[in-house]
Structure formats: structure tokens, C-alpha cells
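An overview of the molecular structure
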Amino acid sequence: EVQLVESGGNLVQPGGSLRLSCAASGFTFSSFWMSWVRHVPGKGLEWLANIKQDGGEKNYVDSVKGRFTISRDNAKNSVYLQMNTLRAEDTAVYYCARNPGGNSAYDLDSWGQGTLVTVSS
Amino acid sequence: AIQMTQSPSSLSASVGDRVTIRCRASQDIKNDLGWYQQRPGRAPRLVIYSVFNLERGVPSRFSGSGSGTEFTLTISSLQPEDFATYYCLQDYSYPWTFGQGTKVEIK
């Protein structure tokens, strides 16, 4: 069974940093692209970033480019999201999700349960 | 970035009703369109991928259609567990973008 478990969400002050982790199990992690998606309470979903199987390609949405960094450790079956210069509007539930695909990613076919990030003074 | 526009933003329906949700892309996205269901307090779940393919375990009352810029999700006979918010997502080009969501509520 595919399992994705996020951790690292917390209350952080504006301008602060946080690192989210997502531990994967139940599938060959190194064969899949991985994404981060967030859900702002009361609003919609926003795809943030994804990373290729070997970490050699990363893609970001403009709203986080330069502030957030996606990375992975295939030996630990984990993907990470380093979030810097956090703003109030980054308050959301953050999900990691698996992307099927080889050279190109598509879909988000399995999701974690999410971790809450609150940016507030 | 490609903009995805869903309609309606919300709808009220009864168990057994046929429900249709639309999604329009700001440019041609070929068949790179999926639909996601999110129940309150839960993670999203892939329902339909590549316009019309049913994800494993999803009931056959869900179906998808369309191509290019116009897409539709249909629930043929609404069930209690289908009351949720539905999102379309284009994965044709980066950044991937979701529609704003359609909340399906109980009438």
C-alpha cells in the first residue's frame, strides 16, 4: 500500500523558515516524480513544486520560486520542502503527492494526509 | 501560467441527481487534465486522469470528457459520499494549475 506521511508543520513567524518532510513507503520511491501541493483554509489547491526521480529537474510555481526549495533523498525514501522567508499567505495545509511518469511527470495519484503550516506573529 | 476556470463554483443537488462540472483552460492543454475530489478535512484524491480515465477504485458513476480547452466531469447518480469539492488540474505545462474548485452540497 502506498503511504506518504508529511511532517514538520508548525507555527512560525513571518520571515521565518521551516522544513517539511514526506516519508514514502509501499512503492519504489526512486522511480517517481514527487510534488508538493498546498491548500489554504477556505480556498483552493495550489501546486507548488515537483522534482524528478534523480533530483535533476525541479519545477516551481512563481509564488514560491526563490523562497522554497524541493529536494529528495532516495536512500531515505523522502522528499523535502525547505521554506524560507515565510509570509502570512503561506499559511496552509501542505501535502506531498506522487507523480507517475518517466521523463515527464503527470497526475497526482497518491497523497499524504497533510501537515499544517501557520505563519503568524 | 495556464488559467483553469471551473463552473459552477458551487451547486446543490440531491442523492440520485446527475451532476456536471465544467473546466475551461486558457489555452489548449491537449488531454492533460485530471479531476480531484476533496472531502472536508481530507486529502485530495485523484478521480479521473487524462480527461476520461477512471482511477482505480473510483466508482463508474464518475466520468470525464472533453479535449483542448473544454472539459467536463459528470457524476451520473450522486451518492452521499460524493458531496465534496472537485478540482480540475492541468499538467500540460509548468506551473501546473488547479481550477478554483466546485463545491457539491446536499440540497
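Up top is the structure these notes are about.
Residues numbered from 1 in each chain as written. Chains lettered and ligands numbered in written order. Predicted model: local features only at pLDDT ≥ 70, side-chain atom pairs only at ≥ 80, totals over all residues. Heavy atoms only, no water.

Glancing now at the pattern of salt bridges. Within the structure shown, the criterion is met by 10 salt bridges over all chains. Among the salt bridges present, the one from Lys-65 of chain A reaches Asp-62 of chain A, with a minimum N-O distance of 3.2 Å. The burial state of Lys-65 of chain A is the same as that of Asp-62 of chain A; both residues are exposed. Between Arg-61 of chain B and Asp-82 of chain B there is a salt bridge, with the nearest N and O atoms lying 2.8 Å from each other. Of the two residues, Arg-61 of chain B sits in the loop between strand E6 (53-54) and strand E7 (62-67) while Asp-82 of chain B sits in the loop between strand E8 (70-75) and strand E9 (85-90), which places them 21 residues apart along the sequence. No difference in accessibility class separates Arg-61 of chain B from Asp-82 of chain B, as the two residues are buried. (Salt bridge = Lys/Arg side-chain N within 4 Å of Asp/Glu carboxyl O. Buried < 20%, exposed > 50% of the residue type's maximum accessible area, 1.4 Å probe, protein only. Helix = DSSP H or I, 4+ residues; strand = E, 2+ residues; numbered from the N terminus.)

Residues and elements named next belong to chain A. With respect to the secondary-structure elements, Leu-18 resides in strand E3 (residues 18-25). Of the residues examined, Leu-18 reaches a relative accessible area of 13% and is grouped as buried. Considered as a pair, Leu-18 and Val-40 are 22 residues apart in the sequence and their alpha carbons are 17 Å apart. In contact with Leu-18, other than residues within four places in its own chain, are Gly-8, Gly-9, Asn-10, Val-12, Leu-81, Gln-82, Met-83, Leu-86 and Val-117. (Contact = heavy atoms within 4.5 Å.)

Moving on: unusual backbone geometry. The linkage connecting Ser-7 of chain B with the following residue, Pro-8 of chain B, adopts the cis geometry, with an omega of -10°. Structurally, Pro-8 of chain B is set in the loop between strand E1 (4-7) and strand E2 (10-13). Backbone torsion omega between Tyr-94 of chain B and Pro-95 of chain B reads 0°, so that peptide bond is classified as cis. Counting through the fold element by element, Pro-95 of chain B comes out in the loop between E9 and strand E10 (97-98). For Asn-77 of chain A, which is not glycine, the phi dihedral falls at a positive 50°. Mapped onto the elements of the fold, Asn-77 of chain A is located in the loop between strand E7 (68-73) and strand E8 (78-83). Notably, Asp-107 of chain A is not glycine yet its phi reads approximately 60°, a positive angle. Note on placement: Asp-107 of chain A falls in the loop between strand E9 (92-99) and strand E10 (110-111).

That's the geometry; what it means functionally is another story.
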